[in-house]
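Architecture and fold: a report
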Amino acid sequence: MFIQTEATPNPATLKFLPGRIVMPEGTFEARSPESAGASPLAERLFSVPDVTGVFFGYDFITVTKADGEWQHMKPAILGAIMEHFMTGVPLFRDGAAVMEEDGEEFFDAEDASTVATIKELLETRIRPAVAGDGGDITFRGYKDGTVYLVMKGACSGCPSSTATLRHGIQNLLRHFLPDVREVQAV
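Let me begin by describing the structure that accompanies this report. (Residues numbered from 1 in each chain as written. Predicted model: local features only at pLDDT ≥ 70, side-chain atom pairs only at ≥ 80, totals over all residues. Heavy atoms only, no water.)

**Topic: the sheet that holds strand β3 (residues 28–30)**
By way of backbone hydrogen bonds, the strands of a sheet pair with one another, either parallel or antiparallel. The strand order across the open sheet built from five strands is β1-β2-β5-β4-β3, with neighbouring strands paired in antiparallel fashion. At either end of the open sheet lies a strand with only one pairing partner, and these are β1 (4–7) and β3. Between one strand axis and the next, the sheet turns through 20° on average, direction left out of account. Relative to strand β5 (residues 61–65), strand β4 (residues 51–56) is paired through five bridges, and the arrangement is antiparallel. Across the sheet, G53 pairs through a bridge with T64, a residue of β5. Along the sheet face, helix α2 (residues 70–87) touches β1, β2 (13–17), β4 and β5 and points at about 35° away from the line of β2. (Pairing = 2+ DSSP bridges. Helix = DSSP H or I, 4+ residues; strand = E, 2+ residues; numbered from the N terminus. Axes fitted to C-alpha atoms, helices over the stretch in contact; angles between N-to-C directions. Contact = heavy atoms within 4.5 Å.)

**Section: the environment of T64**
Looking at where T64 falls in the secondary structure, it is placed in strand β5. The buried category is assigned to T64, whose relative accessible area is 17%. Residues T64 and G153, spaced 89 residues apart in sequence, show a C-alpha to C-alpha distance of 8.0 Å. Looking at T64, its side chain comes within polar contact range of the side chain of T13, at 2.9 Å. (Buried < 20%, exposed > 50% of the residue type's maximum accessible area, 1.4 Å probe, protein only. Polar contact = N/O pair within 3.5 Å; in protein donor to acceptor, adjacent residues only side chain to side chain.)

**Brief notes about the pairing of β2**
Across the five residues that make up β2, a large majority, five, are buried. On β2, burial covers both faces: T13, K15 and L17 on one face and L14 and F16 on the other are all buried. With four bridges joining them, β1 and β2 adopt antiparallel strand pairing. Bridge pairing links Q4 to L17 in β2. Turn length for the β1-β2 hairpin, with the two strands adjacent in sequence and antiparallel, is five residues.

**Structural notes on unusual backbone geometry**
When glycine is set aside, most residues are seen to have a negative phi, and most peptide bonds are trans. Located in the positive-phi region is D50, a residue other than glycine, with phi close to 75°. With respect to the helices and strands, the residue D50 is situated in the loop between α1 (40–46) and β4. Judged by its relative accessible area of 37%, D50 is partly exposed. Of note, D144 is a non-glycine position whose phi angle comes to about 50°, a positive value. Tracing the sequence through the fold places D144 in the loop between β6 (135–143) and β7 (146–153).

If you want it as structure tokens, here you go:
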């Protein structure tokens, strides 16, 4: 098994590509060893010193570190991922429900068509690009011209995430929806 690695815009996060589907649908994020309990792979990755976050996407895994050096951490992370896939253990434990931690969406009923357009733009233009960087962005709400988004994986805590929100996503949404005034991360 050959696992590729890619740098992300977030220097504290590295993207691992195992060459197979990780999660056929949705995403999973654990920001602590306690929140990793649903997944044997996430638990195994948190056993590597200095790992502070794990994110599973369609065909990638991102790992976020605290202070350690990637050159020292990478062999243990690669070993954990390889061992997981070689043993055939499921990604999640039996009966473990993967919970969306984003919370409930909020918007006024009269804004439903605007929200539908925002979601379509997120799905078709923004999320694929963000997944390429090892993260995900999901819709949380819309109120008074402000779009609220949840940033996950490599995007969470990334130094360039503010620029991505302000100059990338905000400008794209404003182009298609003049009612959008700003975009905020929640």
